[in-house]
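# Commentary on secondary and tertiary structure
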Amino acid sequence: KEEPMRIISMGSRIFDAAEATDGASLAAPRREARGVRRRLARHRFRLTRIRNLIVANGLLSADELAHIFDGQLGDIYALRARALEQKISEAELARVLLHLAQRRGFRSNRKADSKDKEAGALLTAVANNRARMQSGAYRTVGEMMAKDAAFAACKRNKSANYLSTVSRDMIEDEAKQIFAAQRKC
């Protein structure tokens, strides 16, 4: 008869939104921790693959590789620069390869880097280092970091300071140049 009716006790529930007071997701800390775990696992797996590759190709034995970092360690960047000029030992070459795998350079997989401030800062640092390499006539990133005065105090990035950020293709190019130089010597 077109008279309004009401529903009584149908078992519906209304929940508040699952957000913190600032609007952030409550799952964000878990998601970030999971991302860190995945990144660290990928890093360990990458280094394990490099170590297995070194042993499989007979560069070093597993025992030698386990003790490669024992004792006095020189400047790895100076070693990377020296590898372009002269023959280095197999243990030193393994150290260089492991170092290149650890510091493999920046490559973005994001579709909209222009909106991300941190990615913009990273890309700016990469462009600055590319220009520094050309102006200083450095052949590789390792040579630049070993010889350029800008990297004398610190060769690693600090918070919000991306001085040492290079692109992955620059690291790949350095590895190719080192292999070519070692084959010649």
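Everything below is about the structure printed above this text.
Residues numbered from 1 in each chain as written. Predicted model: local features only at pLDDT ≥ 70, side-chain atom pairs only at ≥ 80, totals over all residues. Heavy atoms only, no water.

### As for the overall build of the protein chain
Counting its regular elements, the protein chain contains 7 helices and 0 strands. Secondary structure elements of the protein chain, listed N to C terminal, follow the sequence α-α-α-α-α-α-α. Rg of the C-alpha trace for the protein chain: 25 Å, well past the compact-globule value of 16 Å for 185 residues, more than 25% over. Considering only C-alpha atoms, the protein chain reaches an extent of 100 × 40 × 30 Å along its principal axes. (Helix = DSSP H or I, 4+ residues; strand = E, 2+ residues; numbered from the N terminus. Rg over C-alpha atoms; globule rule 2.2 N^0.38 Å.)

### Points about the layout of surface pockets
Estimates place the volume of the second largest pocket at around 450 Å³. Around the second largest pocket, the lining is made up of 17 residues, and of these I50, L53, L97, A175 and F179 lie nearest the centre. Residue assignment for the lining of the second largest pocket shows that the elements contributing at least two residues are α1 (28-56), α4 (90-102) and α7 (168-184). The residue makeup of the lining of the second largest pocket, split by class, is 11 nonpolar, 1 polar and 5 charged. (1 Å grid on protein atoms, 1.4 Å probe; cavity = no way out; pocket = protein on both sides within 12 Å on 5 of 7 lines; lining within 4 Å. Points joined across faces, edges and corners; volume = space filled by probe spheres on them. Nonpolar A, V, L, I, M, F, W, Y, C, P; charged D, E, K, R; others polar.)

### What to know about the nonpolar core
One finds I54, V96, V141 and I178 to be the most contacted residues of the largest nonpolar core, which totals 30 residues. Every element with two or more residues in this core is listed here: α1, α3 (76-82), α4, α6 (141-147) and α7. For this core, the leading source of residues is α4, giving 7 residues. Once you skip the residues sitting within four places of it in the chain, V141 turns out to touch R80, M133, V166, M170, I171 and E174. (Core = buried A, V, L, I, M, F, W, Y, C linked by side-chain atoms within 4.5 Å. Buried < 20%, exposed > 50% of the residue type's maximum accessible area, 1.4 Å probe, protein only. Contact = heavy atoms within 4.5 Å.)

### Quick word on α1
The end-to-end C-alpha distance of α1 is 41 Å, a good match for the 42 Å that 29 residues give at a rise of 1.5 Å each. Among the residues of α1, A28, R46, L47 and I54 are the ones counted as buried. With its phi angle positive at about 75 degrees, G58 sits one or two positions after the end of α1. (Expected span 1.5 Å × (residues − 1).)

### Observations concerning unusual backbone geometry
At A137, a residue that is not glycine, the phi angle is positive and equals roughly 55 degrees. Within the secondary structure, A137 is located in the loop between α5 (117-135) and α6.

### Concerning a positive patch on the surface
Residues R30, R31, R34, R37, R38 and R42 make up a contiguous surface patch of positive charge. Among the secondary structure elements, R34 is positioned in helix α1. Here R34 falls in the partly exposed class, since its relative accessible area comes to 34%. (Patch = residues over 30% accessible without salt bridge, like charges linked within 9 Å, V, L, I, M, F, W, Y side chains within 5 Å. Areas by Shrake-Rupley, 256 points an atom, 1.4 Å probe, with all protein chains shown as cover. Salt bridge = Lys/Arg side-chain N within 4 Å of Asp/Glu carboxyl O. Lys, Arg positive; Asp, Glu negative; His and termini not counted. Charge placed at Lys NZ, Arg CZ, Asp CG, Glu CD.)

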